Each structure stands twice: as C-alpha cells, then as structure tokens.
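Coordinate inspection notes
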Amino acid sequence: MGIIVRSLVLSFMTGISCKLFFETLLSERRKWPGWVMRTEILAFTAGFMLIAVTPIPPYILQPVRVIFVLFLITQFYYRTGIAKNLLSAVLFCGIYWLIFVMLLSTAYLLPLSGNRELDDMVEIIGEVILLCLMMAFRIDFQKRARRLDGLQWEKFGFFSILVMVVVLAVSVVTWDGTTAENYARFIVVAGLVILCVSIFYFVIWRLEKEEELQWMQLSRERVQNQMDMYHNMQKSYERQRRLLHDYSNQLQCIQEMLVHGGAEETLKYLSGLTGNLKKSVYYVNTNNMIVNVVLNRKYQDALEKGIVMTMSVNDLSGITISEEGIVTLLVNLLDNAVEACEKLVDHKVIQFKMVLEAEELILSVRNPVKEPVKIKDNRIVTSKHDKDLHGIGLLNVEAVIRQNNGTSVLKCEDGWFYFAAMIPMAGSGVLPA
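So, here is what we can say about the structure in this document. (Residues numbered from 1 in each chain as written. Predicted model: local features only at pLDDT ≥ 70, side-chain atom pairs only at ≥ 80, totals over all residues. Heavy atoms only, no water.)

1. A word on the overall build of the protein chain
Looking only at helices and strands, one finds 13 helices and 9 strands in the protein chain. When each of the 433 residues of the protein chain is scored for burial, the buried share is 42%. With the model as given, the accessible surface of the protein chain reaches about 23900 Å², and the carbon-plus-sulfur share is 61%. (Helix = DSSP H or I, 4+ residues; strand = E, 2+ residues; numbered from the N terminus. Buried < 20%, exposed > 50% of the residue type's maximum accessible area, 1.4 Å probe, protein only. Areas by Shrake-Rupley, 256 points an atom, 1.4 Å probe, with all protein chains shown as cover.)

Have a look at this one:
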C-alpha cells in the first residue's frame with residue numbers, strides 16, 4: 001500500500017511538471033469545455049502511474065513508452081502539429097532522464113551507493129528538482145513578450161533528439177566502476193547538463209530573433225502599403241481640388257446652356273456634375289496636405305460603412321512629423337477603429353481629435369467595441385491563435401510616437417476603446433494658447 005501511495009504522489013508531481021512545461025511551449029485547445037482542461041494534471045498523473053505499475057521494458061524502450069504517453073495526452077489537450085508535439089515530448093523526456101542520470105552519477109560518489117533507501121531518496125529528489133526546474137522555466141518565459149508556441153522551434157528539433165540520445169548513451173554504461181570512473185562519469189554528465197542548458201537557451205534566443213525579424217519585415221511591408229495607398233489618395237485629392245477649382249467655369253457653362261434653352265441637356269449635365277462632386281468632395285481642411293488626404297479618405301470610408309465619424313481638428317500646418325509617420329499614425333488608428341465599429345450592430349461612432357496646441361500635437365481616437373480589449377503594459381494582448389497584423393499596426397504607431405519623443409496611452413473602459421497621444425512639435429511656431 002505504501003508503494004502505491006508513494007508512486008501516486010511522485011506521479012502527481014510529475015504531472016504538475018508536465019503541465020508547467022507543455023503549457024509554456026504549446027497552446028491549449030479552445031474547443032474543450034473548461035472542466036475538461038482542468039483534468040490535464042490528472043491525465044498526466046494517470047499516465048505516469050500506469051508506467052510505474054507496469055513491467056519495466058528493456059532500458060532502451062523505457063523512454064519510448066514515456067514519450068508515447070506524453071504524446072497522446074498533449075495531442076488531446078494542446079493545439080499543435082504532430083511533429084512539434086512529438087519533439088516537445090522527446091525534449092521533456094530527455095530533461096527528465098538527464099536529471100535522474102545526474103543524480104545517480106552523484107549518488108555513486110557516495111559510500112552508500114546501491115542502498116535501497118538512497119535510491120528511493122534519489123527518486124524523490126529528482127521529482128522535486130524537476131518540479132522546481134519547470135516552475136522556474138514557466139516563470140522565466142512568462143516574463144517574455146511572447147509565449148513560445150509562436151516560435152517555429154520545431155526547426156531545431158535535432159536538439160530534443162540529441163539530448164535524448166546522449167542521455168541514453170551515458171546511462172547505459174556500466175555504473176559499478178572504480179571511484180575514478182565514477183568521478184569521470186559525474187564530470188561528463190555535469191558537463192552535458194551545462195551544455196544542454198546552454199544550447200537550449202541559445203536555440204530559444206535564435207528563434208526569438210528570427211520572429212522579431214519576421215515582424216520587422218511585416219511592419220515594413222505594411223508601412224510601404226500604407227504609403228502607396230496615401231500616394232493614390234493624394235492623386236485623388238489633387239483631382240478633387242482641380243475639379244472644385246473649375247466650379248465657377250461649370251456654373252458659367254450651365255448659365256449659357258439655360259440661356260440658349262437647353263433645359264434637357266442642362267439637366268443631364270448637372271446630373272453627371274453632381275455625381276462627380278459627391279465622389280470628390282472633401283470635408284476636412286487642416287492646412288496640411290497629408291492629413292487632409294488621409295482624414296478625408298477615412299471619413300468617406302466610414303460614411304459608406306454607416307459609421308458616424310466626428311472630428312475635432314485645427315490648423316496642422318506646423319506638424320513636424322515625417323510624411324511616413326503621419327500616414328502610419330492616422331491609417332492604423334482609424335483602420336482599427338473602423339474595423340471595431342464594423343463588428344457592432346448599432347452605435348457605430350468614431351470620435352477623432354487632432355489638434356496642435358502650445359507646440360504639442362494632441363491625438364486621440366475613441367470608439368465602442370463589441371468585446372473588452374485586454375491591455376497590458378500599454379499594449380493590446382492578443383492570443384496566439386488569433387495573431388494578425390492588428391498588433392503590428394499599433395506597434396508601428398508606438399514606434400512613430402517614440403521616434404518623435406511623444407507618449408501614448410491605451411484604455412478600454414465601459415465598452416469603449418480609447419487611444420491618446422501627446423507629441424511635442426519643437427519649432428512648429430505655434431504660440432501657447
């Protein structure tokens with residue numbers, strides 16, 4: 001009875017270690033009910049308990065059954081590919097084996113090596129070390145900006161297999177050797193532990209750098225697309241100005257047509273003219289060509305989608321932000337607001353403010369949201385399964401604000417999302433109010 005209780009406690013400790021490890025590396029399945037996900041530790045415990053009470057296979061096959069059990073459980077509870085799942089199971093098994101090989105090599109340096117009580121103590125200490133190591137691993141990577149399930153670390157799957165193969169190779173050698181051999185084995189295993197830890201953190205660092213480069217590339221492509229869109233809008237804006245500039249000529253033409261009795265031709269002409277004017281009218285004039293182009297385009301887009309957009313602007317001719325920076329700020333903020341409003345059934349409204357006061361640009365966007373937005377460290381928190389360019393756009397906005405020595409704040413309260421920024425405009429020539 002005591003053996004069963006002891007095995008159950010140790011299996012439960014291993015189950016907790018498994019949960020800490022796999023929930024850090026992988027993403028949980030969303031389709032299962034909450035109570036199912038709470039049985040994860042029990043599933044790992046049952047798996048290791050089954051291993052503990054079944055006959056022990058040949059040594060080489062022992063890790064195979066552990067990997068098989070881990071693979072089946074994680075495949076049920078986590079949303080991941082088969083290859084990534086298998087490699088994570090191999091990696092955990094390698095860490096598990098490495099800890100016990102290290103403890104055994106240490107125990108064989110003691111005069112009581114081979115004692116049953118010492119072997120039991122090694123097993124307990126090993127489970128405690130594994131649990132503490134997994135807790136430290138979980139805490140360490142929780143502090144990082146992204147969880148590991150977003151990293152394509154299966155490309156470095158050789159590391160998991162290498163750890164497992166090397167540990168098995170070390171553990172199958174004869175343990176009942178001389179004192180010198182025991183010390184040599186201890187040094188080899190200790191060096192292996194240090195090497196594996198170093199390689200593991202190097203691989204994670206390398207993968208994070210690769211993902212950062214991918215995000216930077218996506219960010220550059222997004223900014224370039226926005227600039228292309230701005231140039232197209234600028235051409236449209238110039239056509240609008242030319243059309244409105246010729247408005248007096250159009251009126252004279254209409255007058256002449258009416259004088260000569262061409263009522264029917266005049267009506268046709270007016271129909272085409274008013275249609276063009278509706279398409280080309282601009283609503284906002286801030287004395288800043290770039291701001292005018294973007295705001296008028298976005299205002300028209302919002303109207304076409306049934307979104308009420310209120311704007312508070314003033315003379316923005318003194319803005320010192322680069323053309324690219326202005327486009328990045330306005331396009332990303334207004335696109336996000338429009339997307340949020342499109343998800344609503346009613347009360348679709350965007351409140352926009354962009355004023356230059358006392359050599360400082362005040363920029364704010366406020367809109368209702370269908371669901372509360374999670375914000376942490378002044379950034380929107382998005383789940384990995386729903387990762388898209390929305391986060392990249394806000395990162396670009398924040399980068400422009402930082403480049404211009406400004407500050408920003410994000411809030412989501414009472415069903416409203418709120419963004420505000422204050423950016424100094426040194427040398428703008430605007431006098432304090």
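Structure shown, so let's carry the discussion forward.
2. Concerning the pattern of salt bridges
Tallied over the entire structure, the rule returns 7 salt bridges. As a salt-bridge pair, Lys305 and Glu342 come within 3.5 Å of each other at their nearest N and O atoms. Pair noted here: Lys305 is in the loop between helix H11 (289-304) and strand S3 (308-313) and Glu342 is in helix H12 (residues 323-342), with a separation of 37 residues, a long-range link. Its relative accessible area of 40% is what places Glu342 among the partly exposed residues. What you see here is one network of salt bridges that share partners, running through Lys19, Glu23, Glu40 and Arg138. (Salt bridge = Lys/Arg side-chain N within 4 Å of Asp/Glu carboxyl O.)

3. Quick word on the pairing of strand S8 (residues 407-413)
When S8 meets strand S9 (residues 416-424), the two strands line up antiparallel, connected through 7 bridges. In the sheet register, Val409 faces S9, and the bridge partner there is Ala420. (Pairing = 2+ DSSP bridges.)

4. Remarks on the nonpolar core
Counting residues in hydrophobic clusters, the biggest one holds 50 residues, and the most contacted among them are Phe21, Phe22, Leu70, Phe92 and Trp97. Secondary-structure elements contributing two or more residues to this core are helix H1 (2-25), helix H2 (34-37), helix H3 (40-53), helix H4 (62-77), helix H5 (82-107), helix H6 (116-142), helix H7 (158-171) and helix H8 (179-245). Counting residues in each nonpolar core, the second largest holds 41 residues, with Leu330, Cys341, Ile401 and Phe417 among its members. (Core = buried A, V, L, I, M, F, W, Y, C linked by side-chain atoms within 4.5 Å.)

5. What about the packing of aromatic side chains?
Applying the stated criterion across every chain, the model contains 11 aromatic pairs. One aromatic cluster in this structure is built from Phe21, Phe22, Phe44, Phe48, Tyr78, Phe92, Tyr96, Trp97, Phe100 and Phe137. Over the face of the ring belonging to Trp416 we find Arg366, whose NZ or CZ atom lies 3.9 Å from the ring centre. (Phe/Tyr/Trp six-rings, centres within 6.5 Å; stacked < 30°, edge-to-face > 60°. Lys NZ or Arg CZ within 6 Å of the ring centre and 35° of its normal.)

6. Quick word on H11
With 16 residues, H11 extends 23 Å between its outermost C-alpha atoms, agreeing within 8% with the 22 Å of an ideal straight helix rising 1.5 Å per residue. Taken across its 16 residues, H11 has 12 buried, putting it largely inside the fold. For H11, the complete set of buried residues consists of Ile290, Val291, Asn292, Val293, Val294, Leu295, Asn296, Lys298, Tyr299, Gln300, Asp301 and Ala302. Backbone nitrogen of Ile290 and a side-chain oxygen of the N-cap are separated by 3.1 Å at the start of H11; the cap is Asn288. The first or second residue beyond H11 is Gly306, which carries a positive phi of 75 degrees. (Expected span 1.5 Å × (residues − 1). Polar contact = N/O pair within 3.5 Å; in protein donor to acceptor, adjacent residues only side chain to side chain.)

7. Regarding the side chain of Glu127
When you line up the elements, Glu127 lands in helix H6. No salt bridge forms around the buried Glu127; measuring N to O, its nearest opposite-charge neighbour Arg6 is 8.7 Å away. Here the side chain of Glu127 touches Thr14 through a polar contact of 2.7 Å, side chain to side chain. Ignoring anything within four residues of it in the chain, the contact list for Glu127 reads Leu10, Met13, Thr14, Tyr96 and Phe100. (Lys, Arg positive; Asp, Glu negative; His and termini not counted. Contact = heavy atoms within 4.5 Å.)

8. A look at unusual backbone geometry
If a residue is not glycine, its phi is most likely negative; likewise, a peptide bond is most likely trans. Within the chain, Asn405 stands out as a residue other than glycine whose phi angle is a positive 60 degrees. Mapped onto the elements, Asn405 comes out in the loop between helix H13 (389-403) and S8.

9. With respect to the pairing of S3
Two strands pair when backbone bridges link them, and S3 and strand S4 (residues 349-357) are joined in this way by 6 bridges, in the parallel orientation. Note that in S4 the partner of Met311 across the bridge is Phe352.

10. Quick notes on the sheet that holds S4
The strand order S3-S4-S5-S9-S8 describes an open sheet built from 5 strands, whose pairing is mixed. A single partner strand is all that each edge strand has here, and the edge strands are S3 and S8. For this sheet the average axis-to-axis angle between neighbouring strands, irrespective of direction, equals 10 degrees. Where S4 meets strand S5 (residues 360-368), 7 bridges bridge the pair, whose relative direction is antiparallel. Across the sheet, Met354 pairs through a bridge with Leu363, a residue of S5. (Axes fitted to C-alpha atoms, helices over the stretch in contact; angles between N-to-C directions.)

11. Focus on a nonpolar patch on the surface
Taken together, Met121, Ile124, Ile125, Val128 and Ile129 make up a surface patch of nonpolar side chains, about 380 Å² in accessible area. Looking at the secondary structure, you find Ile125 in helix H6. (Patch = residues over 30% accessible without salt bridge, like charges linked within 9 Å, V, L, I, M, F, W, Y side chains within 5 Å.)

Keep in mind these values describe shape, not function.
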